[in-house]
Amino acid sequence: MAEKHFKYVILGGGVAAGYAAREFVKLGLNPGELAIISKESVAPYERPALSKAYLFPQGAARLPGFHVCVGSGGERLLPEWYAEKGIELILGTEIVKADLASKTLTSAADVIIKYDILIIATGSTVIRLSDFGVQGADANNIFYLREIDDADKLVAAIHAKKDGKAVIVGGGYIGLELGAALKLNNLDVTMVYPEPWCMPRLFTAGIAAFYEGYYANKGIKIIKGTVAVGFDSDTNGDVTAVKLKDGRVLEADIVVVGVGGRPLITLFKGQVEEEKGGIKTDGFFKTSIPDIYAVGDVATFPLKLFNEQRRVEHVDHARKSAEQAVKAIKAAEEGKPIEEYDYLPYFYSRSFDLSWQFYGDNVGDTILFGDNDPTSAKPKFGTYWIKEGKVVGVFLESGSPEENKLIAKVAKLQPPVQDPEQLEKEGLAFAACVIIKLDDSKESYFIVCL
Ligand SMILES: Cc1cc2nc3c(=O)[nH]c(=O)nc-3n(C[C@H](O)[C@H](O)[C@H](O)COP(=O)(O)OP(=O)(O)OC[C@H]3O[C@@H](n4cnc5c(N)ncnc54)[C@H](O)[C@@H]3O)c2cc1C
């Protein structure tokens, strides 16, 4: 049995792994100290590209174009970079056993990898319809999207089924981005989801009405309030139709399912404390077991701003939690203190010519502002979430980079709202007012509009 030992091991080779590697190098790493183990056969890349530019009919993104850390405007870490820094990329390798007590990982090919410090960065996996026993759900051309291999299979099907019919099951961000991508590829797209509107975990009815209208104008059919209960396939096993609970049957050459994910933590079950479906960490991403850290999608960490433990499945947190864990590891070695993680939740999505950003928390009352008419030439609108008289979250569609920075500051600052009607009228100007005053006086601020 082959055996290797490293000072630091990152288990998982996704977004968090790449950003952690960069942080190790920044803070001082000797050749041979760090290994990244990944089931995928490519070096860490910016996963969000898979549901966006990777699927463009023309000028599609391909590796090495979107290796980390280009997604946040940083240097692109090519496989050579890892080699130069003496970081071992152990790719195409699935870890099937983790024994945290003996600090030992075992791969599917029986390679043993030992570590002094482990960072768990295994991310999430998709929920499959076959997990619920949906009839026919293992037919060919029913796709899920998590890893680059999944995206390659989908691209091949898009080419094979030119101008065919596509059904998207699920109305979350994967469903919305995939619906747009398949439409751009000239497929006849129908989206199906059970909720009364798309992205219900974040969108209000007002926000969703815009996207549903916009998608309808692009020729995408949307069926709400029902679910896929079965699939028909031909003698080759290729899917031909999606059967809905309400009795309708939709012809389909391609089906994409985006019904959610779950964090990959089964390897560590019973060995480490869990909370809210993830691995419980402190504000330095340390788990309940010494020398074991957990970052990205798998970590349930203290979200200081809202005073609660949260798990966040978004790329910005994957990057920042990875950097925080490495800072904490290096600081502990040097006996220095560092600040606890103080995260402002940030999500974004892009489809067609649209692009939205959200900062903060989507709880409390909401105020929609701006032009959310999907037929407008340049729609631009947003929403404030107000809880206990303070703005706690802000959403903005089609904001400029400066405007997006403003809404981030507002969500962090949580200014009081005196008059919700006034806020609706002011819209984005409210954000500008607050920031201008904040820059004058960092201690206190007033809502004064110019
Ligand atoms: C298609 C898609 C689009 C997205 N778009 C957006 C977006 O627009 N905005 C946004 O904020 N977020 C988006 N996300 C979410 C974001 O990409 C994730 O939150 C982020 O990638 C999490 O980083 P991570 O490092 O924790 O996990 P991942 O990036 O998923 O990496 C986990 C890695 O661990 C490997 N692994 C897992 N188990 C094992 C094992 N046992 N052995 C070896 N390797 C293992 C996996 O193969 C993978 O390489 C998107 C996600 C997907 C799938």
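The rules we used
- Residues numbered from 1 in each chain as written.
- Predicted model: local features only at pLDDT ≥ 70, side-chain atom pairs only at ≥ 80, totals over all residues.
- Heavy atoms only, no water.
- Pairing = 2+ DSSP bridges.
- Helix = DSSP H or I, 4+ residues; strand = E, 2+ residues; numbered from the N terminus.
- Near = heavy atom within 4 Å.
- Polar contact = N/O pair within 3.5 Å; in protein donor to acceptor, adjacent residues only side chain to side chain.
- Areas by Shrake-Rupley, 256 points an atom, 1.4 Å probe, with all protein chains shown as cover.
- Axes fitted to C-alpha atoms, helices over the stretch in contact; angles between N-to-C directions.
- Contact = heavy atoms within 4.5 Å.
- UniProt positions renumbered as here; feature names shortened; annotations may be inferred.
- Domains from an automatic or database assignment.
- Left-handed = near helix turned anticlockwise from the far one by under 90°.
- Nonpolar A, V, L, I, M, F, W, Y, C, P; charged D, E, K, R; others polar.
- Salt bridge = Lys/Arg side-chain N within 4 Å of Asp/Glu carboxyl O.
- Buried < 20%, exposed > 50% of the residue type's maximum accessible area, 1.4 Å probe, protein only.
- Phe/Tyr/Trp six-rings, centres within 6.5 Å; stacked < 30°, edge-to-face > 60°.
- Lys NZ or Arg CZ within 6 Å of the ring centre and 35° of its normal.

Student: Describe in detail the sheet that holds strand β9 (residues 165-169), supporting the description with residues and values.
Tutor: On the basis of which strands lie adjacent, the open sheet formed by five strands has the order β8-β15-β9-β10-β11 and parallel pairing. If you trace the sheet from one side to the other, it starts and ends with β8 (142-143) and β11 (221-224), each paired once. One ladder, built from four bridges, connects β9 with strand β15 (residues 254-257); its direction is parallel. By the bridge assignment for β15, Ile 168 is matched with Val 256.

Student: Which residues make up the site of the ligand, and what values go with them?
Tutor: Around the ligand sit 35 residues, and of these Glu 40, Lys 52, Arg 146, Glu 147 and Asp 297 come closest. One nitrogen or oxygen atom from the side chain of Glu 40 is found 2.6 Å from an oxygen atom belonging to the ligand. One of the side-chain nitrogen or oxygen atoms of Asp 297 is found 2.7 Å away from an oxygen atom of the ligand. When isolated, the ligand has an accessible area of 990 Å², and the protein chains bury 98% of it.

Student: Report on the sheet that holds strand β22 (residues 346-351), specifying residues and quantitative values.
Tutor: Spatially, the five strands line up as an open sheet ordered β22-β23-β26-β25-β24, and their pairing is antiparallel. Looking at which strands have only one partner, the edges of the open sheet turn out to be β22 and β24 (365-371). Pairwise comparison of adjacent strand axes, ignoring direction, gives a mean angle of 15° for this sheet. Pairing analysis gives seven bridges linking strand β25 (residues 380-387) to strand β26 (residues 390-397), with the strands arranged antiparallel. Opposite Phe 381, over in β26, you have Glu 397 as the bridge partner. Those strands touched by helix α7 (residues 401-413) are β23 (354-360), β25 and β26, and its axis lies near 160° from that of β26.

Student: An account of the UniProt feature "domain: FAD/NAD(P)-binding" (unreviewed entry) in the chain is needed here, citing residue identities and associated values.
Tutor: Under the UniProt annotation, "domain: FAD/NAD(P)-binding" (unreviewed entry) lies at residues 6-322. Between the end C-alpha atoms of residues 6-322 the distance is 18 Å, and the span holds 21% helix and 28% strand.

Student: Help me get a handle on the domain arrangement of the chain, residues and values and all.
Tutor: Taken domain by domain, the chain holds domain 1 (3-125 + 262-334), domain 2 (129-259) and domain 3 (353-440). Spacing between the C-alpha centres of domain 1 and domain 3 amounts to 33 Å.

Student: Any details on the side chain of Ser 51? Residues and values, ideally.
Tutor: With respect to the helices and strands, Ser 51 occurs in the loop between β2 (34-37) and α2 (79-84). From its side chain, Ser 51 meets the backbone oxygen of Pro 48 in a polar contact 3.4 Å long. Looking at Ser 51, its side chain comes within polar contact range of the side chain of Glu 177, at 2.5 Å. When residues no more than four places from it in sequence are discounted, the contact partners of Ser 51 are Leu 145, Glu 177, Leu 178 and Ala 181.

Student: Go over the packing of helix α1 (residues 15-27) against helix α6 (residues 315-334), please, and point to the residues and values.
Tutor: Put simply, α1 and α6 touch, their axes get as near as 8 Å, and they point 35° apart. In this structure, α1 meets α6 at a crossing whose hand is right-handed. Taking contact as the criterion, the partners of Val 15, Ala 16, Tyr 19, Ala 20, Arg 22, Glu 23, Phe 24 and Leu 27 in α1 are, on α6, Val 315, Ala 318, Arg 319, Ala 322, Glu 323, Val 326, Lys 327, Ile 329 and Lys 330. Split by residue class, the contact of α1 with α6 holds eleven nonpolar, no polar and six charged.

Student: With reference to specific residues and values, describe the UniProt feature "domain: Monodehydroascorbate reductase 3-like C-terminal" (unreviewed entry) in the chain.
Tutor: Within the UniProt annotation, "domain: Monodehydroascorbate reductase 3-like C-terminal" (unreviewed entry) is assigned to residues 344-431. Spanning residues 344-431, this segment combines 27% helix with 41% strand, and its end C-alpha atoms are found 16 Å apart.

Student: Lay out the pattern of salt bridges in plain terms, naming residues and giving numbers.
Tutor: Side-chain pairing between opposite charges can occur once the charged atoms of the two side chains come close. Tallying each qualifying case throughout the model produces 28 salt bridges. Linking Lys 221 and Asp 188 is a salt bridge whose minimum nitrogen-to-oxygen distance equals 2.7 Å. Of the two residues, Lys 221 sits in strand β11 while Asp 188 sits in strand β10 (residues 188-193), which places them 33 residues apart along the sequence. Here Glu 334 and Lys 336 are joined by a salt bridge, their closest N and O atoms 3.1 Å apart. What makes Glu 334 partly exposed here is its relative accessible area of 45%. By sharing partners, the salt bridges in this structure join Lys 7, Glu 33, Lys 330 and Glu 333 into a single network.

Student: Please give an account of the side chain of Arg 310 that cites residues and values.
Tutor: Within the secondary structure, Arg 310 is located in strand β21 (residues 308-311). A relative accessible area of 17% means that Arg 310 is categorised as buried. Within the local environment of Arg 310, its side chain forms a polar contact with the side chain of Asp 361, the two groups lying 2.9 Å apart. Other than its neighbours up to four places away in sequence, Arg 310 contacts Ala 299, Thr 300, Phe 301, Leu 303, Pro 345 and Asp 361.

Student: I'd like a description of the packing of aromatic side chains, backed by residues and values.
Tutor: One pass over the full model with this rule turns up 27 aromatic pairs. Here a set of aromatic residues connected by ring pairs shows up, and it is made of Phe 203, Phe 210, Tyr 211, Tyr 214, Tyr 215, Phe 352, Trp 356, Phe 381 and Phe 395. In this structure, Arg 128 packs its charged tip against the face of Tyr 144, placed 4.5 Å from the ring centre.

Student: Account for the pairing of β10, naming residues and giving values.
Tutor: Of all six residues making up β10, five are buried, and the element is well covered by its neighbours. The pairing of β9 with β10 spans five bridges and is classified as parallel. Paired with Val 167 across the bridge in β10 is Thr 190. Pairing between β10 and β11: four bridges, direction parallel. What sits directly across from Thr 190, in β11, is Lys 221.

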